[in-house]
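Residues per chain, in single letters:
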Amino acid sequence: MARPKYVNITLLDGPLATPVTGGLIGPYHEGTELRLICEAGGGKPAPHVFWFMGDKLLKGIESSAEVYNLTGSVGSELKLKVTREALGSKIVCKVANEAMESYLTAFVQIDVNLRPVSTVISGEKEVVDEGDDIHLVCSSGGARPAAVITWYNGSLSNPLILPPARHISSLQEDGTYATISQLVITADRHHNNNMLYCQATNEVTQNHIQDQERAKYQLRVRYRPAVQVMERWIAVNQSDQVSVSCAYQANPHQLLSIMWFHNNKLVDMSNPKYKMIAGGNPTLTITNVTKADSGNYSCVLTNQIGHGEPDSPSIVEVQTRPRVKLRMDPQSSIIEGDERNVSLSCEVEDGDAAELTRV
């Protein structure tokens, strides 16, 4: 019996065979498939070959040959898909036969590029008020090389890329990098219920969209009522009733107060001619309108955050009945039998009729 004289590891890359015993190969992207050959020779009987990664036994395909002096050589091919587990580990080939009390070993170490994992967004507050700064942190780990973090506001299918934030990457004990990205934006009402995304990428994920690591965060913004009038111009006949309404968005939606103004003066809601509906879109109804009710109407709505009013008012125009005057030409008395022509005209002295349709 005889101990094996050598053990070597070779990397197969297509037609190329490169000796790699005791070396560092790579870097290889996570998911890459490698072919390694461990060859041992000079032993009698022919040794057996075992592959290990740490304490984990790997399955190789063994083949053997016998030379003229009855010593044997053995080769074992290992097909290995590079995973996160391979980072920092040695791929060890161990050989032994009956002439040996301990293994004869060779190793190779693989440098691995890894995609980012565990990407999350955290915020200081769950809800902010409009005008406040929103402080968010996107954290991503497990990457090699370090991840680049990009922020998106809105849909990922058509993202709006936000301005660069502060990025910090640090090397971890396991050889991967952790990256944090800090973002500060000023909250406004348009941010409420919007989805904010951060995406962590590196060279491993660039060509694998499905492997890109991202996190999402729903913004919650409280804001004062944003108000607009529902009718810009309303015409109404004298003695009829007219309604003006304000539509609004607010968070919280519940209103604490509703005030109506006519020509910048507060409407006295104790006057029975005014009626107000507070539910839905606030509405002011004016009954038995007169010319004095013409003018600009606006509302001021208040919630917990503040008050809001429309940029432009509703304009109410009250149409009054015409008041006319009869004119006769000549104005003096006419004696029967003079055979003179007399002209009668009906003139509008007051009212909103542009012309008379019937006399």
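Residues numbered from 1 in each chain as written. Predicted model: local features only at pLDDT ≥ 70, side-chain atom pairs only at ≥ 80, totals over all residues. Heavy atoms only, no water.

Q: Residues and numbers for the overall build of the chain, please.
A: For the chain, the helix and strand inventory stands at 0 helices and 31 strands. Within the chain, the fraction of its 359 residues that count as buried is 37%. Within the chain, residue pairs in contact and separated by at least 24 positions form 66% of the contacts whose partners lie at least 6 positions apart. As displayed, the chain offers around 21,400 Å² of accessible surface, 48% of which is attributable to carbon and sulfur atoms. (Helix = DSSP H or I, 4+ residues; strand = E, 2+ residues; numbered from the N terminus. Buried < 20%, exposed > 50% of the residue type's maximum accessible area, 1.4 Å probe, protein only. Contact = heavy atoms within 4.5 Å. Areas by Shrake-Rupley, 256 points an atom, 1.4 Å probe, with all protein chains shown as cover.)

Q: Which residues make up the sheet that holds strand 6 (residues 56-58), and what values go with them?
A: For sheets, the rule is that strands pair by backbone hydrogen bonds, running either parallel or antiparallel. Read from one edge of the open sheet, 5 strands run 3-10-9-5-6, paired in mixed fashion. Looking along the sheet, the strands with just one partner apiece sit at the ends: strand 3 (24-29) and strand 6. The average angle at which neighbouring strand axes cross in this sheet is 30°, direction not considered. As defined by bridge partners, strand 5 (residues 48-53) adjoins strand 9 (residues 90-96) across 6 bridges and the pair is classed as antiparallel. Directly across from Phe-52, in strand 9, lies its bridge partner Val-92. (Pairing = 2+ DSSP bridges. Axes fitted to C-alpha atoms, helices over the stretch in contact; angles between N-to-C directions.)

Q: How would you summarise the packing of aromatic side chains if you had to cite specific residues and measurements?
A: All chains considered together, the criterion is met by 1 aromatic pair. With 6.1 Å between their ring centres and 75° between their planes, Phe-50 and Tyr-103 make a pair best called edge-to-face. Here the residue Phe-50 occupies a position in strand 5, and Tyr-103 occupies one in the loop between strand 9 and strand 10 (104-113), the gap between them amounting to 53 residues. Of the residues examined, Phe-50 reaches a relative accessible area of 31% and is grouped as partly exposed. The aromatic ring of Phe-52 is capped on one face by Lys-94, whose charged end is 4.6 Å from the ring centroid. (Phe/Tyr/Trp six-rings, centres within 6.5 Å; stacked < 30°, edge-to-face > 60°. Lys NZ or Arg CZ within 6 Å of the ring centre and 35° of its normal.)

Q: Report on the nonpolar core, specifying residues and quantitative values.
A: In this structure, Ile-9, Leu-36, Trp-51, Ile-91 and Cys-93 are the most contacted members of the largest nonpolar core, which totals 27 residues. Sorting the residues of this core by element identifies strand 1 (6-13), strand 4 (33-43), strand 5, strand 8 (72-81), strand 9 and strand 10 as the ones contributing at least two each. (Core = buried A, V, L, I, M, F, W, Y, C linked by side-chain atoms within 4.5 Å.)

Q: So what's going on with the sheet that holds strand 12 (residues 128-129)? Which residues, and what values?
A: One open sheet accounts for 5 strands, arranged 12-20-22-26-25; its pairing is mixed. Both edges of this open sheet fall to strand 12 and strand 25 (274-277), since each of them pairs with a single strand only. Summarising the sheet, strand 20 (residues 221-229) and strand 22 (residues 242-251) pair through 5 bridges and their orientation is antiparallel. The residue bridging Tyr-223 from the neighbouring strand is Asn-251, located in strand 22.

Q: Tell me about the pattern of salt bridges, and name the residues and values.
A: In the structure shown here, the tally under the stated rule is 8 salt bridges. For the salt bridge of Arg-144 with Asp-111, the shortest nitrogen-to-oxygen distance reads 3.3 Å. You can see Arg-144 sitting in the loop between strand 13 (133-143) and strand 14 (148-153) and its partner Asp-111 sitting in strand 10, a full 33 residues away along the chain. Overall, Asp-111 belongs to the buried group, its relative accessible area being 18%. The partner of Arg-115 in a salt bridge is Glu-213, with the nearest N and O atoms 3.9 Å apart. With Arg-115 in the loop between strand 10 and strand 11 (117-123) and Glu-213 in strand 19 (residues 213-218), this residue pair connects regions lying 98 residues apart in the sequence. Given the relative accessible area of 26%, Arg-115 is considered partly exposed. (Salt bridge = Lys/Arg side-chain N within 4 Å of Asp/Glu carboxyl O.)

Q: Now, about the environment of Gln-228: what can you tell me, with residues and values included?
A: By secondary structure assignment, the location of Gln-228 is in strand 20. Taking the relative accessible area as the measure of exposure, Gln-228 reaches 53% and is therefore exposed.

Q: Residue-level account of the side chain of Ser-314, with values.
A: Inspection of the secondary structure puts Ser-314 in strand 29 (residues 314-319). Among the polar contacts listed, one links the side chain of Ser-314 to the backbone oxygen of Glu-231, at a separation of 2.3 Å. Once residues lying within four places of it in the same chain are set aside, the contact partners of Ser-314 are Val-229, Glu-231, Arg-232, Val-244, Gly-295, Asn-296 and Tyr-297. (Polar contact = N/O pair within 3.5 Å; in protein donor to acceptor, adjacent residues only side chain to side chain.)

Q: Can you tell me about the layout of surface pockets, naming the residues and giving the values?
A: The space that makes up the largest pocket amounts to roughly 230 Å³. Lining of the largest pocket is provided by 13 residues; of these, Arg-189, Pro-225, Ala-226, Val-227 and Glu-309 occupy positions nearest its centre. Elements with a minimum of two residues in the lining of the largest pocket: strand 20 and strand 22. The leading source of residues in the lining of the largest pocket is strand 20, at 6 residues. In terms of residue class, the lining of the largest pocket is built from 6 nonpolar, 2 polar and 5 charged. Here the second largest pocket defines a volume of roughly 170 Å³. Every residue along the wall of the second largest pocket is listed here: Phe-261, Asn-263, Asn-264, Asn-296, Tyr-297, Ser-298, Val-300, Glu-309, Pro-310, Asp-311, Ser-312 and Pro-313. Residue contributions to the lining of the second largest pocket peak at 4 residues, all from strand 27 (residues 295-302). Class assignment for the residues of the lining of the second largest pocket results in 5 nonpolar, 5 polar and 2 charged. (1 Å grid on protein atoms, 1.4 Å probe; cavity = no way out; pocket = protein on both sides within 12 Å on 5 of 7 lines; lining within 4 Å. Points joined across faces, edges and corners; volume = space filled by probe spheres on them. Nonpolar A, V, L, I, M, F, W, Y, C, P; charged D, E, K, R; others polar.)

No statement about biological role is implied by the geometric values presented.
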